[in-house]
Structure formats: structure tokens, C-alpha cells
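Coordinate analysis (summary)
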Amino acid sequence: MLELGEEGVREKIKTIGLFNAKAKNVIALSRILIEQHGGEVPASREALQTLPGVGRKTASVVMNEAFGEPTIAVDTHVFRVANRTGLAPGKTPDAVEKKLEAIVPERWKKGAHHWLILHGRYTCLARKPRCWSCVIADICPFRPKTPDPEEEARLAAEAKASGRRLAPPKPAGTTKAAPARAASKRAAAKKPGRSR
Ligand code: SF4
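All values derive from a computational prediction rather than experimental measurement.

We now examine the environment of Val81. Within the secondary structure, Val81 sits in helix H5 (residues 76-85). For Val81, a count of 26 C-beta atoms within 10 Å gives the class buried. Ignoring any residue separated from it by four or fewer positions in sequence, one finds Val81 in contact with Leu116, His119, Gly120 and Cys124.

Core analysis: the largest hydrophobic core is formed by 19 residues, its most contacted members being Ile72, Val74, Val78, Ala82, Val96 and Leu100. Sorting the residues of this core by element identifies H5, helix H6 (93-103) and helix H7 (106-122) as the ones contributing at least two each. Both domains that furnish three or more residues to this core are identified here as domain 1 (61-127) and domain 2 (131-190).

A separate point is the site of the ligand. Taken together, 14 residues form the shell around the ligand, and within it Cys124, Cys131, Cys134, Cys140 and Phe142 come nearest. Residue-level mapping places the shell around the ligand at the junction of two domains, with at least three residues from each of domain 1 (61-127) and domain 2 (131-190).

Packing of helix H1 (residues 5-12) against helix H2 (residues 19-37) leaves a shortest axis separation of 9 Å and a crossing angle of 135°. It follows from the interaxial angle that H1 and H2 lie oblique. For the crossing formed where H1 meets H2, the hand is right-handed. Contacts from Gly5, Glu6, Val9 and Arg10 in H1 reach Phe19, Asn20, Ala23, Lys24, Val26 and Ile27 in H2. Looking at the contact of H1 with H2 residue by residue, the class counts come to 5 nonpolar, 2 polar and 3 charged.

For the rest of this paragraph, the subject is unusual backbone geometry. If a residue is not glycine, its phi is most likely negative; likewise, a peptide bond is most likely trans. Between Arg143 and the following residue, Pro144, the backbone shows a cis peptide bond with an omega angle of -5°. Relative to the assigned elements, Pro144 resides in the loop between H7 and helix H8 (149-162). At Leu18, a residue that is not glycine, the phi angle is positive and equals roughly 55°. Locating Leu18 in the fold gives a position in the loop between H1 and H2. On the neighbour-count criterion, Leu18 (11 C-beta atoms within 10 Å) is exposed.

What counts and how
- Residues numbered from 1 in each chain as written.
- Predicted model: local features only at pLDDT ≥ 70, side-chain atom pairs only at ≥ 80, totals over all residues.
- Helix = DSSP H or I, 4+ residues; strand = E, 2+ residues; numbered from the N terminus.
- Buried ≥ 20, exposed ≤ 12 C-beta atoms within 10 Å, placed from the backbone.
- Contact = placed C-beta atoms within 7 Å.
- Core = buried A, V, L, I, M, F, W, Y, C linked by C-beta atoms within 7 Å.
- Domains from an automatic or database assignment.
- Near = placed C-beta within 6 Å.
- Axes fitted to C-alpha atoms, helices over the stretch in contact; angles between N-to-C directions.
- Parallel < 35°, antiparallel > 145°, perpendicular 65-115°, else oblique.
- Left-handed = near helix turned anticlockwise from the far one by under 90°.
- Nonpolar A, V, L, I, M, F, W, Y, C, P; charged D, E, K, R; others polar.

In C-alpha cells form, the structure reads like this:
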């Protein structure tokens, strides 16, 4: 990494956000790893957090991914999902992390961070959560649920064709059939062999 140099690292990561600062930190922490840790990544949170650019979240990710520790890093996705679902509400990432670590059963702690990120990245999106396709819509207290856009478009087209005024769409997760649909999606997701 040091041979690549800051400019070389910058060139390779220029498509990601804050690449200038990240390139600088990667070079600085690489130098410290060689000079102070024998070229190894330290396995303690305290040592990790002394490295340039490494805060609590990054240290938690490294502890979890590289050393198999049951840490739950709270990024923007995990923070949002934990608050929206009521799973671990908190005003700060640290508060959410503490609650998640207290309530997530030991056997799920290794994967919890990833599962929550994936749920936030692909389903519980920041601006418009995809409640209509969410497998936990029936137990999530977030309101109003986002309705299915295809269903909305179909109803609008029907209303237009018949000259009727469009009734407000029923939010997903609030109809009688929604809990059953969501439960059936969860059951399908649990089937052996199904990947995340
Ligand atoms: S129902 Fe909607 S708000 Fe609740 S977790 Fe699912 S996508 Fe997020």
C-alpha cells in the first residue's frame, strides 16, 4: 500500500465518496500498521480506533468481519432501520448500537450488522421505503406505509377509464391480507437453500 502511495490509492478509489481523505488515511494507517503493529491489523477496538480515519463504526466492522467478534456496527442504514422498526430506537448511533447489542440474541450477532444494512439498502430505503414488498411489514410500526406503486398506477388507470375519482390507496401492511402475505414471504425466505 505504501508503495502505491497516496496518489496511487486515490486513483484506485476515486469513484467513492471522500476519496481524497480516505486515500490519505489509508496511507497514514498503513505506515502505522508497519511501524507499530508489525504489519498486522490489531485485534482490539482500542488499538483500531487510534488509526487515522478509524472511528467506532469502522472498528466494529473490522472486529466483526476480520476477527469474528459479535459487534454490531451502526451505519446510516442500520440507524434508520433500527429506529423505523422500533427494534432499537435511539438518537445517536452509539445509543442504537448499545440497544442492538443488548437485544440481539448471541447466535445472530455475527450477522445482524449485515442483515440490517441489506434491509436498509434494498428494502427500507431512506426516502421511500419499499413497504409493499417488505417481509416484516405486518410487524413494523412505521406509518404511513408506502403503497405498491404498480397497484397505485393500476387503480389510477381504472379510475381514469371509468371516470371515477381515485380513492386514497390503502397503505401496505394495513389491509387484512397484508399480515398473511408478509408472514408467507417470511416463511418463504426461511426455506433452506435460499440465499440472502
Ligand atoms: S414496513 Fe416499511 S418502514 Fe417498516 S421495515 Fe419494512 S420497508 Fe421499512
